[in-house]
Amino acid sequence: MQKIKSLMARQGLKSPQESMADLSPMENLRIPSTEELRELRQQPIDPQAEQEIIDSIEEVYFSNDSFDMVRHELEKLPPELNLQELEEYRDKLKRQQAAVSKRVADLILEKQPSYVKELERVTALQTNLQLAAVICTNARRQLKVSKEEFTEASLGLLANQRRRQLLTGLLKSLRTIKTLQRTDVRLSEMLEEEDYPGAIQLCLECQKAASTFKHYSCISELNSKLQDTLEQIEEQLDVALSRTCKHFDVLHYTKVQKAYTLLGKTQTAMDQLHMHFTQAIHNTVFQVVLGYVELCAGNADTKFQKMQYKDLCTHITLDSYIPCLTDLCKALWEVMLSYHRTMQWHEEHDKQKAVSSQDDAAGEPDELTVDRSYVKKKLEHGLTRIWQDVQLKVKVYILGTDMSNFKYDDFIVVLDVISRLMQVGEEFCGSKSEVLQESIKRQSVNYFKNYHRARLEELRMFLENETWELCPVKSNFNIAQLHEFKFMGQCRSPSVSPSRQAASSAGPALEELSLFQQYHQDGNPFEMHIEHKEEETEDVLASNGYESDELEKSVYQDYDSDSDVPDELKQDYVDEQTGDAPLKSVSRETIRSKKKSDYNLSKASAPILTNTTLNVIRLVGKYMQMMNILKPIAFDVIHCVSQLFDYYLYAVYTFFGRNDMYESSGLGLISSRLRTTLNRIQESLIDMDPVGENAGVHGPPEDRKEKVPSPHLSQMVILTDSGTLYGLAQRVVATESLVFLAEQFESLQSHLDTMMPAAKKPFLQQFYSQTVSTASELRKPIYWIVAAKAIDYEQMLLMMAGVKWDIKEIMSQHNVYVDVLLKEFEQFNKRLGDVSRHVRIPLPVSNVLWEHCIRLANRTLVEGYANVKKCSNEGRALMQLDFQQFLMKLEKLTDLRPIPDKEFVETYIKAYYLTENDMEQFIKNHREYSMKQLANLVNVCLGSHINKKARQKLLAAIDDIDRPKR
C-alpha cells in the first residue's frame, strides 16, 4: 500500500481525500457536494467561455501551495472602497471559482474508475506480502535446524584449514625476517673479504625483501639498519677506491667499479677518484718531505707536522736534498702509474663492453653509454690536472732550497731526476712541463752563475800554478774516454737525459717502449741514475809516462774499441796544419828505424796537454752534460764554455806571446782577427783593475763581477834561460795544449750546434770562426820570441859591417859571418833536439820555429847589406855567394821548403843592378823594404851613376811611400 502511495506521490497524483485537504478552509466550506458537482456538470456552459474564465485567473494563484489568497485580495483593495465595484469583483471571483470547481469535478469523475481499480490491486498485493512473510519465517526456522544438525562440523574443518594456511605463510615470513636480521653478520664478513659487489647486492636484496614485509612493526627498524649498513658500505668503498691511487690492483679496482655500478653511482665514483688522486699527491709529497725533515732534525718535535708544505721544503738539508727528491719522484711516479693503469683498465673495459653490445641485438642502455662517455672525458681531463698538481708540488720543493752551493755531480743528479720527471710528464699527458722547466731554469741559472764564477777563479788558480809540464796521457787518449763525455757515447741524441741513456743502452727493444710500458709492473725510472753513476770509470793516464807492452802492438793494429764513440770524436791526434797521419798507420819498419824506446814512442803519439787543459776539457764536458739535460739555459752554458776557452787562450797569450816588438818586426805576427779576439776577451772577460783600486771606474759592480783578474805566470816557469831555449818546452806545451783544446772544440761543434737555440746560432758560429780557429795563430808570436833570442843576429850585423864590399875582383870564398850564422843554426838545431827529448815538438811547431829563425836571419842579411856604405859589382857578387852558401848549408839543417824570405834577400841583392827608371818602379812595387833599405839602394848602387836631382827624386818617392805608414 505504501509503494502505491509513493508511486502516486512521484507522479504528482493525490488521493481524493488529500486533494480535498489541500483546499483552503474557505474553499472546504464551499466545496460542492456530489450532487452539486453533477448539477454543475449538467449545467450547460460554453467550453470556450469556461476556458476564458480560467485564463483570466491571476498567475499568482498557481504559484505555490503557501500562497495566502485572502491577504492577496485584501492588499489589492483601493484606499477608498466602492461597494458596487466590490460586488462586481466578488462575482468575478465566484465565476472563476465555479469554473475551476467544475473543471476539477470533471477531472475527478473522469479518473474515478482507474482509481478504484488500482485500489483493488493494492489490496491484493498487501495480502500476498503477508503470505510471503509467513513462508520466510518457516524457512528460517527450518535452516536453523539444518545448520545445527548437518553443516557445523564441516565448516569447522574448513576454517581450521584456512587458519593453517595463514599460519604457514606467517611462519615463512617470520623466517625471512629472522634471516634479514642476521644479514648484518654476513655483510660484515663480505666487507672484510672486500667483496663489495656481493655485499651491495645482498644489501639491496635485503632492502627489497624488507619493503615486502614493511607491514610488520619490527621491519621498520630493520629497514633503517639496512640503510645505515649501505651507507657504511659506501664509506668503505670510498676508502677502497682511494687505495687504488698509490697501488693499482686490477682485481681490486674491478670489484670497486662493479660495486659502484650496482649502486648506480659510476659518475660519482669518478669524481671521488679524482679527488682522491689530488689528495694522494698532496699527502704523498708531504709525508716524504716530513719524513726527511724529521730525520734530519733528529727529534720528535711535532711542529713540523703543522707546517705548510711550502715551509716544510725550506727545512730540507743539502745532504738529504737528493735522496728526498728521488723518493718524492718515486712516490709521485707510483701515483701517476696508478692513474695510467686506471685509464688502461677503463679503455679495455669499454672495448669489452663495445664487443658485447655488438653481439647483443638489443644493445646497451643509453644510461650506460652516458656513464662511459662521462668517465672517458673525466679521465682525459684529469691527466693534465694530475700532472699540473705534480709539477706544482715538485716546483715548490725545487725552489725551497738554494742550490747554488751544490757540488756539480749532485746538481747533475738533480737535473737528471727532473729531466726524467719531465719525460714522464710528456708521456703521461703530452705536456712540455713549462712549470718544471721554469723552476729548474731559475735554479740552474742561479747555480750555473756561481758555479761558472768559481770555475773561472779555479781556472785562474790552476793557470797561475801551472808549470806547463806535459800531462802523461795514453797514446790513444780521446775526450770520449772521460766520464764527463760518456753521455755522448751512450746516445747521440742531445735531448736524452743520462739515466734515459742508461736505459736505452739495454737494448733496442726498450727504446721503443715508453716508461709506463717499461715499468708497468715493477721498478721505478728514478732509480736509474744511481746505477749509471756507479758504472762511470775512465783510464786515460799513462803509468809514470810509460804504457804497457800492449801499446807497441796497438801501433800496428787497427782498433775497433771505440765503436760506441761518436763520429766527431772517433779520431786519433792528427795535426790539421800538416796532415800528419795517425800513428797507427805508421809501418813497423819505420818505427824500428827510429830506434826509440816505448816511452818515446808513446810520447810521439800522445797529444800534448797539461793538467789544466785536462781540467778545462772536463769542465766543458760537465757544462755540456748540464746543457744536454736542461735545454732552456743552453745558450748561457755555451757562452760560459766560450769563456773557458777565451780565458785559456788569453792566459797562454799573456804568459808566452805578449811582446812589444811585434809591430817593429814587420813580420805581421798577430793577424787582425787574432788581435780583435784578444781585445774582445780583454774587454769582456778580464778585470784589469787590482782589487780595491779604481772601483767603479770600469762599470758597475755587477759587470765587474762577471770578469776575472788577468792571470800571472808561475814563478817556477823560467822563460829567460837560453839553455832551455827560453822555456821552449813550456811554450810548446802551452801553445800545443791550446791547439789541442781548439781541436776538441772543433770536434764538439756539431753537437753544440744541435743544442744551441736557432736565434743564438750566429754567436756559436762567430765563436768558432773568430776565436777557436785563431788558436793555432798564437804559434807565431809565441815562438817568434824564441827565434828572436835563440840566434845572435846583432853579432851577425857587426860582422857584416866589418866586411869590405867595394872589392875589385870576384871572390870564390864566402865570408866568415855566414859560417858563424850557420853554426848558430846548428846549435839551435841541437838544442831543439834536446828539448824534443823532453817534450815532443810537432812538425808545425818545428816549421814555425825554423821559419821565424830563417826569416829573421834573412832580414838581418838585408839589414846588413843596407848598412853598406860602398859596394862594387864584385861586392854584389860576393853578397850573392854568401847567401847561396847560407842557403845550401841551411837546406841540410831543415826540411822546410821553400826557404822563407829567400826572394826577399835575392830581390834586394839584384836591385843593386837596376837602372834609374827601374829603381823608381822597384821602389813603388816593393814596399816590404824599409825606408833605410830603399835609400841605401839609391845612395850606394846608383849614387855614382845618377845626378843629384835624380837621386833627390828617388828619395822623395821613398819618402812618399813611407809617409802613410807614419
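Residues numbered from 1 in each chain as written. Predicted model: local features only at pLDDT ≥ 70, side-chain atom pairs only at ≥ 80, totals over all residues. Heavy atoms only, no water.

- In the annotation of an unreviewed UniProt entry, the entry for the protein chain reads VPS50 EARP/GARPII complex subunit, and the organism field reads Xiphophorus maculatus.

### As for the overall build of the protein chain
- Helix and strand content of the protein chain: 41 helices and 2 strands.
- With 966 residues in all, the protein chain has 42% of them scored as buried.
- A total accessible area of about 53800 Å² is found for the protein chain, and carbon and sulfur atoms account for 51% of it. (Helix = DSSP H or I, 4+ residues; strand = E, 2+ residues; numbered from the N terminus. Buried < 20%, exposed > 50% of the residue type's maximum accessible area, 1.4 Å probe, protein only. Areas by Shrake-Rupley, 256 points an atom, 1.4 Å probe, with all protein chains shown as cover.)

### A look at the pattern of salt bridges
- In the structure shown here, the tally under the stated rule is 25 salt bridges.
- Put simply, Lys432 and Glu426 hold a salt bridge, and the shortest N to O gap is 3.7 Å.
- Between Asp834 and Arg837 there is a salt bridge, and its shortest N-O distance comes to 2.2 Å.
- For Asp834, a relative accessible area of 26% corresponds to the partly exposed category.
- By relative accessible area, which is 54% here, Arg837 ends up exposed.
- Each of Glu50, Lys102, Arg103 and Asp106 takes part in salt bridges that share partners, so that together they form one network. (Salt bridge = Lys/Arg side-chain N within 4 Å of Asp/Glu carboxyl O.)

### Thoughts on helix α40 (residues 931-941)
- Counted residue by residue, α40 has 8 buried out of 11 residues, so it is predominantly covered.
- Among all positions of α40, only Gln933, Leu934, Ala935, Asn936, Leu937, Val938, Val940 and Cys941 are buried.

### A few points about the nonpolar core
- The biggest cluster of nonpolar side chains holds 227 residues, and the ones touching the most others in it are Tyr865 and Phe886.
- Residue contributions to this core peak at 16 residues, all from helix α26 (residues 634-657).
- Setting aside chain neighbours within four positions, we find Phe886 in contact with Val818, Leu821, Leu822, Phe825, Ala857, Asn858 and Leu861. (Core = buried A, V, L, I, M, F, W, Y, C linked by side-chain atoms within 4.5 Å. Contact = heavy atoms within 4.5 Å.)

### A closer look at a nonpolar patch on the surface
- Residues Val70, Leu74, Leu77 and Leu81 make up a contiguous nonpolar surface patch of about 360 Å² in total accessible area.
- Tracing the sequence through the fold places Leu81 in the loop between α6 (69-76) and α7 (83-192). (Patch = residues over 30% accessible without salt bridge, like charges linked within 9 Å, V, L, I, M, F, W, Y side chains within 5 Å.)

### Here's the deal with the packing of aromatic side chains
- A full pass over the atoms with the stated rule returns 31 aromatic pairs.
- Centre to centre, the rings of Phe277 and Tyr339 are 5.0 Å apart; their planes meet at 75°, and the pair counts as edge-to-face. Note that Phe277 is positioned in helix α11 (residues 266-297) and Tyr339 in helix α13 (residues 318-359), a separation of 62 residues in sequence. Of the two residues, Phe277 and Tyr339, both sit in the buried class.
- Between Phe922 and Tyr929, the ring centres sit 6.0 Å apart and the planes meet at 25°, which makes this aromatic pair stacked. By the burial criterion, Phe922 is buried, and Tyr929 matches it.
- Here Lys760 stacks its cationic end above the ring of Phe635, 4.6 Å away from the centre of that ring.
- Over the ring of Tyr913 we find Arg876, and its NZ or CZ is 5.5 Å from the ring centre. (Phe/Tyr/Trp six-rings, centres within 6.5 Å; stacked < 30°, edge-to-face > 60°. Lys NZ or Arg CZ within 6 Å of the ring centre and 35° of its normal.)

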